[in-house]
Amino acid sequence: MAASPELADRLAEQQRAVELARSAVDGVEAPAALRARIDAGRRLPRGSTSRRLVLTGVAAATVAVVALAVGLAAFDSGTTGERFHAVLAPTGLAPGASGEAALTKTSSGWRIELDAAGLPRLEGGRFYEAWLRNSEGVLVPIGTFNESRKVTLWAGVSPRDFPTLTVTREQADGDQASSGEKVLVGTANVGR
């Protein structure tokens, strides 16, 4: 696994899922109504060993169902393990800015986690827009935002084909084309 970042990522994802399932088990107990029905149906003396065994069995079954559901949800995250990373450099319009983006292939498309610093919050019909661009200069919009910390964007095109990631300043003016006011630019590379 040390030689394969993809296998290491998958193992880490599975370990997170197991830990999530374990944490879901803590403090889980059969619902009071279910315990009351079982008590009434069995008519066992309060405090008997049989009653405790039944309740323990019901609680264990409930925990198992919850753990299975959590585990299946975690393993069905839709990620394929294919990942790209981009370091974003500032332009003359935002000389103090910097950023990074992690691009992960999912069953729905490419999830892009962008985190940038040095860009002021935009409001009043002004916003940032992120784009992927191919070698012919074709731009694909991947999302808009006002604040550049921990932004999630989505793309329907692969960074293999559209490797350049740019962030522009935009104005809500009815024009869907890029303003060309680039504040960050980077190239997506296979990795992390």
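All of these numbers come straight from a predicted model, not from anything done at the bench.

**Here's the deal with the overall build of the protein**
Counting its secondary structure elements, the protein contains 3 helices and 9 strands. When the helices and strands of the protein are read in sequence order from the N terminus, they spell out α-α-α-β-β-β-β-β-β-β-β-β. Taken over 192 residues, the protein has a buried fraction of 32%. Counting contacts in the protein only where the partners sit at least 6 residues apart, residues at least 24 apart contribute 59% of the total. On the protein, roughly 11400 Å² of surface is accessible, and the fraction owed to carbon and sulfur atoms is 54%.

**Structural notes on the pattern of salt bridges**
Close approach of charged atoms allows side chains with opposite charge to pair. What the rule picks out here adds up to 7 salt bridges. The salt bridge partner of Arg121 is Glu123, with a shortest N-O separation of 2.8 Å. Taking relative accessible area as the criterion, Glu123 reaches 53% and is therefore assigned exposed. A single network of salt bridges, built from pairs that share partners, joins Glu82, Lys105 and Arg160.

**Concerning the side chain of His85**
For His85, the location among the structural elements is in strand 1 (residues 79-90). Judged by its relative accessible area of 13%, His85 falls in the buried class. At 3.0 Å, the side chain of His85 forms a polar contact with the side chain of Glu100.

**A short note on the nonpolar core**
With 29 residues, the main nonpolar core has Ile112 and Val167 as its most contacted residues. Secondary-structure elements contributing two or more residues to this core are strand 1, strand 2 (98-106), strand 3 (109-117), strand 4 (126-133), strand 5 (139-145), strand 6 (151-155), strand 7 (164-171) and strand 8 (182-187). No other element matches the 4 residues that strand 3 contributes to this core. Each residue touching Ile112, except ones within four places of it in the same chain, is listed here: Ala101, Ala102, Leu103, Leu132, Ile142, Val151, Thr152, Leu153, Ala155 and Leu165.

**Some remarks on the pairing of strand 2**
As paired strands, strand 2 and strand 3 are joined by 9 bridges and run antiparallel to one another. When the sheet's bridge partners are listed, Ala101 is paired in strand 3 with Leu114.

**Observations concerning the confidence of the model for the protein**
When pLDDT is averaged along the protein, the result is 82; 74% of the residues meet or exceed 70. Note on residues 68-77: pLDDT under 50 across the span, and 8 contacts to partners over four residues away in sequence or across chains.

**Structural notes on the packing of aromatic side chains**
Under the criterion given, the structure shown has 2 aromatic pairs. Each ring, one from Tyr128 and one from Phe145, has its centre 5.6 Å from the other, and the planes form 25°; the classification is stacked. Placement of Tyr128 in strand 4 and of Phe145 in strand 5 is noted, with a sequence separation of 17 residues between them.

**Concerning the side chain of Ser148**
With respect to the helices and strands, Ser148 occurs in the loop between strand 5 and strand 6. Contacts of Ser148, omitting those with residues within four sequence positions, involve Leu114, Asp115, Ala116, Ala117 and Leu119.

Rules of the game
- Residues numbered from 1 in each chain as written.
- Predicted model: local features only at pLDDT ≥ 70, side-chain atom pairs only at ≥ 80, totals over all residues.
- Heavy atoms only, no water.
- Helix = DSSP H or I, 4+ residues; strand = E, 2+ residues; numbered from the N terminus.
- Buried < 20%, exposed > 50% of the residue type's maximum accessible area, 1.4 Å probe, protein only.
- Contact = heavy atoms within 4.5 Å.
- Areas by Shrake-Rupley, 256 points an atom, 1.4 Å probe, with all protein chains shown as cover.
- Salt bridge = Lys/Arg side-chain N within 4 Å of Asp/Glu carboxyl O.
- Polar contact = N/O pair within 3.5 Å; in protein donor to acceptor, adjacent residues only side chain to side chain.
- Core = buried A, V, L, I, M, F, W, Y, C linked by side-chain atoms within 4.5 Å.
- Pairing = 2+ DSSP bridges.
- pLDDT = per-residue confidence, 0-100.
- Phe/Tyr/Trp six-rings, centres within 6.5 Å; stacked < 30°, edge-to-face > 60°.

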